[in-house]
Amino acid sequence: MEFDQAGANALMDITPRPELVFVRGHGSWLEDQSGKRYLDFLQGWAVNCLGHSPAPVVEALTRQASLLINPSPAFFNLPAMELAKRLTTASCFDRVFFANSGAEANEGAIKLARKWGQLKRNGAFKIITFDHSFHGRTLATMSASGKAGWDTLFAPQVGGFPKATLNDIDSVRTLIDDDTVAIMLEPVQGEGGVLPASKEFMHGLRQLTREHNLLLIVDEVQTGVGRTGQLFAYQHFGIEPDIMTLAKGIGGGVPLAALCAREEVSVFQHGDQGGTYNGNPLATAAGLAVFDTVNAPGFLDTVNERAQQLSEGLLALSDKWGMKGERGLGLLRALMLDRNDGAAIVEAARNRAPEGMLLNSPRPNLLRFMPALNVTADEIDTMLAWLDGIVSDVRK
Ligand SMILES: *Cc1c(COP(=O)(O)O)cnc(C)c1O
């Protein structure tokens, strides 16, 4: 099949895309227009937590689409109410606001913290965030992010996001002043290269926020909904945050996000927060199907078994090729390369024949793995074997 160049040209050129058009997907496999198949360890950037077009999500969408798609957020609907109950029952939070993307949920978290600061903390508004963090692509969430170069891109930034260093509690403490209202972080920095916060650091943050009457906000857009082997990553650390955001996995590929907060912090007044699509029954029905699958007995045990297998396999590759080890939590893992050939490996994996493989290199010396949570043991073995061959080719 001819590549539709006119179609490609009609889209804004926001990223270098290969001349590939994907037409169908199932589980851990994607298929392009030419019929070539790809083993997918990207899954839409950790979005398709049950793989491509999983049956429970397809069924929920089909059923809900024929019943009711969007009555407007000014009215209650059943899937939104059900999913909010599931999330609050399974977590330390009491209230949920549904949104459509991670950035929008984080934007909501920032607004909620500032509102709380106005009501309870004399107008304190600063939110301490971290170098190399990623919170989204709206102006405020870009300003909250610690990505190099983002401070000047689209300047001026939204103010009030001083940056600390992950796992360095003193770097946080020195930034706290009377205007500080919250500390916000990813429990595992995803885009930053799969860097987990340490348990000690998380405990230090919870203690510091209690001492200074600050909110602790966890951005679990990438780590939430089973990705790290717990339903929510904060549960690994034995702390309870005040606010949590979810997106990516929560919709299993369908645009859905959530802002979760404790009762005392849920201070939005009528008119403060909204959005046309928030909590629409189509997306929340998909969210329910995902949640019930991930929360079913035994599901997370299997995630942890696969994570162990992936971790050991990556470590073996690292030893064989003289790389720098692997790290991560659950099925969010990274292989640290000993040189900057991440992009070359990603490209060679995609071009592999007859079947290709989709990998990600968020930094030149690092590969990131975020397979479907229901990836099979065979698929992990296949990925590891192919990766070994690809590294061998690239480094010949
Ligand atoms: C992907 C991501 C976001 C942004 O989510 P979008 O749905 O792309 O807006 C925010 N925070 C983290 C930690 C992410 O990984």
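Residues numbered from 1 in each chain as written. Predicted model: local features only at pLDDT ≥ 70, side-chain atom pairs only at ≥ 80, totals over all residues. Heavy atoms only, no water.

1. Here's the deal with the site of the ligand
- Ser101, Gly102, Ala103, Asn106, Phe134, His135, Gly136, Glu186, Asp219, Val221, Gln222 and Lys248 make up every residue found near the ligand.
- The separation between an oxygen atom of the ligand and a polar main-chain atom of Gly102 is 2.7 Å.
- At 3.2 Å, a backbone N or O of Phe134 approaches a nitrogen atom of the ligand.
- With the chains in place, 82% of the 380 Å² that the ligand exposes on its own is no longer accessible.
- At three residues, helix α5 (residues 102-120) tops the list of elements feeding residues into the shell around the ligand.
- Its residues assigned to classes, the shell around the ligand shows three nonpolar, six polar and three charged. (Near = heavy atom within 4 Å. Polar contact = N/O pair within 3.5 Å; in protein donor to acceptor, adjacent residues only side chain to side chain. Areas by Shrake-Rupley, 256 points an atom, 1.4 Å probe, with all protein chains shown as cover. Helix = DSSP H or I, 4+ residues; strand = E, 2+ residues; numbered from the N terminus. Nonpolar A, V, L, I, M, F, W, Y, C, P; charged D, E, K, R; others polar.)

2. Regarding the pairing of strand β12 (residues 257-261)
- Buried residues dominate β12, accounting for five of its five residues.
- Where burial is concerned, the two faces of β12 agree: the one with Ala257, Leu259 and Ala261 and the one with Ala258 and Cys260 are both buried.
- Bridge analysis of strand β11 (residues 243-246) against β12 gives four bridges, and the strand direction is antiparallel. In the strand pairing of β12, Thr245 is matched with Leu259. (Buried < 20%, exposed > 50% of the residue type's maximum accessible area, 1.4 Å probe, protein only. Pairing = 2+ DSSP bridges.)

3. Comments concerning the nonpolar core
- Counting 77 residues, the largest nonpolar core has Leu185, Phe369 and Leu387 as the members making the most contacts within it.
- Each of two domains, domain 1 (5-54 + 297-394) and domain 2 (55-294), supplies a minimum of three residues to this core.
- Ignoring sequence-local partners within four residues, the contact set of Leu387 consists of Leu314, Leu317, Leu335, Ile345, Met357, Leu359, Leu367 and Phe369. (Core = buried A, V, L, I, M, F, W, Y, C linked by side-chain atoms within 4.5 Å. Domains from an automatic or database assignment. Contact = heavy atoms within 4.5 Å.)

4. Details of the domain arrangement of the protein
- Domain annotation for the protein reports domain 1 (5-54 + 297-394) and domain 2 (55-294).
- When each unit is reduced to the centre of its C-alpha atoms, the spacing between domain 1 and domain 2 is 26 Å.
- Contacts between the two partners involve 27 residues from domain 1, matched on the other side by 30 residues from domain 2.
- The contact between domain 1 and domain 2 buries some 2,400 Å² in all, and 63% of this surface belongs to carbon and sulfur atoms.
- Of all residues in domain 1, Pro54, Leu329 and Leu332 give up the largest surface area on contact with domain 2, accounting jointly for 26% of the area buried on that side.
- Counting across the interface, domain 1 meets domain 2 through one salt bridge.
- Taking the shortest distance from any N to any O, the salt bridge between Glu191 and Arg368 comes out at 2.9 Å. (Buried area = accessible area lost by both parts, 1.4 Å probe. Salt bridge = Lys/Arg side-chain N within 4 Å of Asp/Glu carboxyl O.)

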